[in-house]
Amino acid sequence: MIAAIELKILAFLNSAGLGIRNSDIKKGKSIEYPAVFVFTETGKFRKLTQRKYKCELGVFVLIAFRNVKSEKKRRHGLYPILEGVIQGLMLNNLELDIDPLIPQGFRNITDKDMQKSDVLAYQLEFSTAFTMKPPEEKTTDLLAIGLEYYLQDPVDDSEMDARDEITLQEE
């Protein structure tokens, strides 16, 4: 599901009309700007039932914009893309069986090498979650428990005096 989420985000970003020239699921060199990269950095689990867990993800969209004229032009070129990504992905479940994407925040991650290359980079975080459970097993599950009661010593008559059957239900 994690790869499907990343791929759906990229598909959305490529079709959103944000002027993105390069997109991928990883960071890389030889980039055409503006560029976006999608990656999942965090995940944690919360138990729902005996066999189901909620997998809560931190999914990141890195946006990189290059303009050699000035810092102001870089910022004003990147901001519309940043806002477009937020507005397009916010509360979107990407037609997947996931919780809607919730924007958590963004920050400037431009390093010195990027600055020297007139590149501005922001990292935007979204959270989402989906339910995970073990794959269905081919072995037979325990469906019922039978209880037999002997009120006197079975050696005496070898006959059960009562019987109960409990049928188990799946969650």
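Look above for the structure.
A brief structural summary.

**Details of the pattern of salt bridges**
Tallied over the entire structure, the rule returns 5 salt bridges. One salt bridge in this structure joins Lys 54 and Asp 99, with 3.4 Å as the shortest N-O distance. Residue Lys 54 is located in strand E3 (residues 53-66), and its partner Asp 99 is located in the loop between helix H2 (71-89) and strand E4 (102-108); the two are separated by 45 residues in the primary sequence. Its salt-bridge partner being Glu 71, residue Arg 75 comes within 3.0 Å of it at the nearest N-O pair. With a gap of 4 residues between them, Arg 75 and Glu 71 both fall in helix H2, about one helical turn apart.

**Here we look at the side chain of Asn 67**
Within the fold, Asn 67 resides in the loop between E3 and H2. A distance of 2.7 Å separates a polar side-chain atom of Asn 67 from the backbone nitrogen of Lys 69. Not counting chain neighbours up to four residues away, the residues in contact with Asn 67 comprise Lys 73, Arg 74 and Asp 118.

**Observations concerning the side chain of Thr 110**
Note that Thr 110 resides in the loop between E4 and helix H3 (112-116). In this structure the side chain of Thr 110 is engaged in a polar contact, spanning 2.7 Å, whose partner is the side chain of Asn 108. A polar contact of 2.8 Å, which involves the side chain of Thr 110, links it to the backbone nitrogen of Ala 121. Once residues within four sequence positions are removed from consideration, Thr 110 is found in contact with Gln 115, Val 119, Leu 120 and Ala 121.

The rules behind these values
In every chain, residue numbers begin from 1 and rise along the written sequence. The predicted origin of the model limits local features to residues at a pLDDT of at least 70 and limits the giving and counting of side-chain atom pairs to 80 or more, whereas totals for whole chains, interfaces and linings rest on all residues. Remark: hydrogens and water are excluded; side-chain values derive from all non-hydrogen atoms of the structure. By definition here, a salt bridge exists when the distance from a side-chain nitrogen of Lys or Arg to a carboxyl oxygen of Asp or Glu is within 4 Å. Put simply, DSSP marks the helices as runs of H or I at least four residues long and the strands as runs of E at least two long, and each gets a number from the N terminus on. Side-chain atoms alone can form a polar contact between residues adjacent in sequence; in general such a contact is a pair of N or O atoms within 3.5 Å, and within protein one must be able to donate a hydrogen while the other accepts it. By definition, residues are in contact when any of their heavy atoms lie within 4.5 Å.

These figures come from the coordinates and say nothing about function on their own.
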